[in-house]
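Next come the chains, spelled out residue by residue.
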Amino acid sequence: MRIDVLTLFPEMFGAAIGSSILGRAQAAGLLTIRVWNIRDFAFDKHRTVDDIPYGGGAGMVMKPDVVVACIEHVKTINPGKVVYLTPQGAVFNQTKAQSLAQEANLVLLCGHYEGIDQRIRDGWIDDEISIGDYVLTGGELPAMVVIDAVARLIPGVLGDETSAQEESFVNGLLEYPHYTRPAEFRGRGVPPVLLSGHHEQIRKWRLKEALRMTLARRPDLLEKRQLNAEEQQLLREILTEDCNEGR
Ligand code: ADE
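First things first, this report covers the structure right here in the doc.

What counts, and at which threshold
- Residues numbered from 1 in each chain as written.
- Predicted model: local features only at pLDDT ≥ 70, side-chain atom pairs only at ≥ 80, totals over all residues.
- Heavy atoms only, no water.
- Core = buried A, V, L, I, M, F, W, Y, C linked by side-chain atoms within 4.5 Å.
- Buried < 20%, exposed > 50% of the residue type's maximum accessible area, 1.4 Å probe, protein only.
- Helix = DSSP H or I, 4+ residues; strand = E, 2+ residues; numbered from the N terminus.
- Contact = heavy atoms within 4.5 Å.
- Axes fitted to C-alpha atoms, helices over the stretch in contact; angles between N-to-C directions.
- Left-handed = near helix turned anticlockwise from the far one by under 90°.
- Nonpolar A, V, L, I, M, F, W, Y, C, P; charged D, E, K, R; others polar.
- Salt bridge = Lys/Arg side-chain N within 4 Å of Asp/Glu carboxyl O.
- Near = heavy atom within 4 Å.
- Polar contact = N/O pair within 3.5 Å; in protein donor to acceptor, adjacent residues only side chain to side chain.
- Areas by Shrake-Rupley, 256 points an atom, 1.4 Å probe, with all protein chains shown as cover.
- Pairing = 2+ DSSP bridges.

### A few points about the nonpolar core
At step 1: Judged by nonpolar contacts, the single largest core of 30 residues is most densely connected at Ile 3, Leu 31, Phe 92, Val 146 and Val 150.
At step 2: Looking at this core, the elements with two or more residues in it are strand 1 (2-7), helix 2 (20-27), strand 5 (81-91), helix 4 (94-100), strand 6 (105-110) and helix 6 (140-151).
At step 3: A per-element tally of this core places helix 6 first, with seven residues.
At step 4: Filtering out sequence-adjacent residues up to four positions away, Leu 31 remains in contact with Met 1, Ile 3, Leu 22, Ala 25, Gln 26, Ala 151 and Ile 154.
At step 5: Residues Val 49, Val 68, Val 107 and Ile 125 belong to the second largest nonpolar core, which totals 21 residues.

Structure (structure tokens):
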């Protein structure tokens, strides 16, 4: 997959895309990320990228001529969908990450100041994504969030192919708790079933704990999801246990 990022602050991306799993994915040729400085496409000697809003008001607006020059140049190299990061976009989630991970090419546009001229959105943007209901100073951190969530779904990027399959949200549940050695740590043990080597019982325990975690923290996810017979039985057990513990 190839991702091109358009930003006024390219230096923000260095460590986030160069280290760890994203760094390794690029070294392995599974992912190419190129960061472009929108300011390099300005037309005047001051390299102006923004201007005051028509109609007045606070803040500055990113100029359509400069931003579109940048988009059009990048599109000669990367023909992918152009995604604008904005709090007005559709809220990003795992399903969206999975659908973006199917694309061979993506172009991410990061806004700043009060935003970008509406004509850019009308003519050159294919999709708009928000990473949540809060306002950041720019689209750079959101772009990094999207890149990270999407890149790890590209086959081969995570060492262990199963880990992207089992984790939270993938099956509509939060993930079960994890434990590693030592078996006792400061007086706290590990659930005995995990030490038993009994694969079927471990599978069942993990499913039940995933249901327990989801019920406690994200009951909305359970409402959206059909439960099979085994899951319904485990949920009944959880509710009975909760009753007996007076919760
Ligand atoms: N730009 C500023 N805030 C944002 C958010 N929450 N999501 C995406 N882009 C943004």
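Now, onward.
### A closer look at the packing of helix 9 (residues 199-217) against helix 11 (residues 229-244)
At step 1: Running from amino to carboxyl end, helix 9 crosses helix 11 at an angle of 60°, the nearest separation of the two axes being 10 Å. As helix 9 runs across helix 11, the sense of the crossing is right-handed. Residues Arg 203, Lys 204, Leu 207, Lys 208, Leu 211, Arg 212 and Leu 215 of helix 9 lie in contact with helix 11, whose contacting residues are Glu 230, Glu 231, Leu 234, Leu 235, Glu 237, Ile 238, Leu 239, Glu 241 and Asp 242.
At step 2: For the contact of helix 9 with helix 11, the per-class residue count stands at seven nonpolar, no polar and nine charged.

### Notes on the pattern of salt bridges
At step 1: As enumerated under the stated definition, the model contains 17 salt bridges in all.
At step 2: Arg 119 is the partner of Asp 117 in a salt bridge, and the nearest nitrogen-oxygen pair spans 2.8 Å.
At step 3: Relative accessible area serves as the criterion here: at 14%, Asp 117 is assigned to the buried category.
At step 4: Its salt-bridge partner being Asp 220, residue Lys 224 comes within 4.0 Å of it at the nearest N-O pair.

### Comments concerning the site of the ligand
At step 1: Inspection of the region around the ligand gives Leu 85, Thr 86, Pro 87, Ile 129, Ser 130, Ile 131, Gly 132, Tyr 134, Val 135, Leu 136, Gly 138 and Pro 142 as its neighbouring residues.
At step 2: Tyr 134 is positioned such that a nitrogen or oxygen atom in its backbone is 2.8 Å from a nitrogen atom of the ligand.
At step 3: Here Leu 136 contributes a backbone N or O atom positioned 3.0 Å from a nitrogen atom of the ligand.
At step 4: Taking 260 Å² as the accessible area of the ligand by itself, protein coverage stands at 96%.

### Section: unusual backbone geometry
At step 1: The omega angle of the peptide bond from Arg 181 to Pro 182 is 5°, so this bond is cis rather than trans.
At step 2: Turning to its location among the elements, Pro 182 is positioned in the loop between helix 7 (163-166) and helix 8 (192-195).
At step 3: Positive phi is not limited to glycine here, since Ser 20 has a value of about 55°.
At step 4: Among the secondary structure elements, Ser 20 is positioned in helix 2.
At step 5: The backbone of Arg 47 sits at a positive phi, close to 55°, despite the residue not being glycine.

### A few points about the sheet that holds strand 6
At step 1: Spatially, the five strands line up as an open sheet ordered 2-1-6-5-7, and their pairing is parallel. Two strands bound the open sheet, and with one partner strand each, they are strand 2 (32-37) and strand 7 (127-130). Each neighbouring strand pair of the sheet contributes to a mean axis angle of 30°, computed without reference to strand direction.
At step 2: Summarising the sheet, strand 5 and strand 7 pair through five bridges and their orientation is parallel. Looking across to strand 7, one finds that Ala 90 is bridged to Ile 129.
At step 3: Against the sheet, helix 3 (residues 64-75) makes contact with strand 1, strand 2, strand 5 and strand 6, and its axis sits at roughly 165° relative to strand 1, the strand it touches most.

### Some thoughts on the pairing of strand 1
At step 1: Across the six residues that make up strand 1, a large majority, six, are buried.
At step 2: The side-chain alternation of strand 1 yields two buried faces, one formed by Arg 2, Asp 4 and Leu 6 and the other by Ile 3, Val 5 and Thr 7.
At step 3: As judged from the six bridges shared by strand 1 and strand 2, these two strands associate in the parallel manner. Opposite Asp 4, over in strand 2, you have Arg 34 as the bridge partner.
At step 4: Here five bridges tie strand 1 to strand 6, and the two strands are oriented parallel to one another. Residue pairing across strands places Asp 4 opposite Val 107, the latter belonging to strand 6.

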